[in-house]
Amino acid sequence: MGDGRFGDDGRGTPDALNAIAHSFAGFLGGIPLDGTFDWLGSVVGALVHLLLAALFGALFALMVPNPLSEGSLLGWTPVLVGPVYGALLWLVDHVVLWPLIDSDAAAAFTLWISFVGHLLYGLVLGSGVRSAAVRPTRRMA
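Residues numbered from 1 in each chain as written. Predicted model: local features only at pLDDT ≥ 70, side-chain atom pairs only at ≥ 80, totals over all residues. Heavy atoms only, no water.

Details of the overall build of the protein
Helix and strand content of the protein: 5 helices and 0 strands. Scanning the protein from its N terminus toward the C terminus, one meets helices and strands in the order α-α-α-α-α. For the protein, buried positions account for 37% of its 141 residues. Partitioning the contacts of the protein with sequence separation of at least 6, the portion at a separation of at least 24 is 61%. Here the protein has roughly 8600 Å² of accessible surface; of this, 71% comes from carbon and sulfur atoms. (Helix = DSSP H or I, 4+ residues; strand = E, 2+ residues; numbered from the N terminus. Buried < 20%, exposed > 50% of the residue type's maximum accessible area, 1.4 Å probe, protein only. Contact = heavy atoms within 4.5 Å. Areas by Shrake-Rupley, 256 points an atom, 1.4 Å probe, with all protein chains shown as cover.)

Next comes the structure, spelled out in structure tokens:
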């Protein structure tokens, strides 16, 4: 049985979303950090997290070298750099900024689960950028 920290008690996702909502929408009040399910926290947390993922994903797509350019490891650069980007986002967010913004939510979060999630985010993001460049859709062509 877990100790109630996010991710190690089997409930995971709603708790993590509550923590995000607690940090970014604390003015709504009453968003729990004790593992209690909360609809408002889950919806607000999911929206904030998706918005940040889209913004940082777009930034990555603009920064990464074109997978089809010369010297880009045969187009695999985004896939290789993506997890590094995810790890850097995790480091800046979870280790540096989140404790400054909302120390209660940051302290209640299991760091290694978030780290793995950010690595997977970077891998999927890099794969998507590579895929879009290698096989553009009709809209992109």
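A closer look at helix α3 (residues 77–101)
In this model, α3 (25 residues) spans 33 Å end to end at C-alpha, consistent with the 36 Å of a helix rising 1.5 Å per residue. The sharpest bend along α3 reaches about 30° and sits at Asp93. (Expected span 1.5 Å × (residues − 1). Bend = angle between axes of the 7 residues up to and from the residue.)

Notes on the packing of α3 against helix α5 (residues 111–134)
Remark: α3 packs on α5, axes separated minimally by 7 Å, with the N-to-C direction vectors making an angle of 145°. Classified by chirality, the crossing of α5 by α3 is right-handed. Class assignment for the residues of the contact of α3 with α5 results in 14 nonpolar, 8 polar and 1 charged. (Axes fitted to C-alpha atoms, helices over the stretch in contact; angles between N-to-C directions. Left-handed = near helix turned anticlockwise from the far one by under 90°. Nonpolar A, V, L, I, M, F, W, Y, C, P; charged D, E, K, R; others polar.)

Considerations on the nonpolar core
Grouped together as the largest cluster of nonpolar side chains are 7 residues: Leu17, Ile20, Ala21, Ala25, Ile31, Val44 and Val48. Going through the elements one at a time, α1 (13–24) and α2 (39–63) are the ones with two or more residues in this core. With 3 residues, the top contributor of residues to this core is α1. (Core = buried A, V, L, I, M, F, W, Y, C linked by side-chain atoms within 4.5 Å.)

Details of the packing of aromatic side chains
As enumerated under the stated definition, the model contains 2 aromatic pairs in all. Ring geometry for Phe60 against Tyr85: centres 4.9 Å apart, planes inclined by 45°, an arrangement best described as tilted. Of the two residues, Phe60 is situated in helix α2 and Tyr85 in helix α3; the sequence distance between them amounts to 25 residues. With a centroid separation of 4.8 Å and 70° between ring planes, the pair formed by Trp90 and Phe115 is classed as edge-to-face. Taken as a pair, Trp90 in helix α3 and Phe115 in helix α5 lie far apart in primary sequence, 25 residues in all. (Phe/Tyr/Trp six-rings, centres within 6.5 Å; stacked < 30°, edge-to-face > 60°.)

Describing the environment of Gly82
Looking at the secondary structure, you find Gly82 in helix α3. On the basis of relative accessible area, Gly82 is assigned to the buried category, the value being 0%. Distance in space between the C-alpha atoms of Gly82 and Leu125 is 6.2 Å, their sequence separation being 43 residues. Those residues in contact with Gly82 that lie beyond four places of it in its chain are Phe60, Gly122 and Leu123.

Digging into the confidence of the model for the protein
This prediction gives the protein a mean pLDDT of 80; 77% of its residues lie at or above 70. The element-level mean pLDDT for the protein is lowest in α1, coming to 77, with α3 highest at 92. Confidence drops under a pLDDT of 50 for residues 1–12, and excluding neighbours within four residues, the segment shows 24 contacts in the predicted structure. (pLDDT = per-residue confidence, 0-100.)

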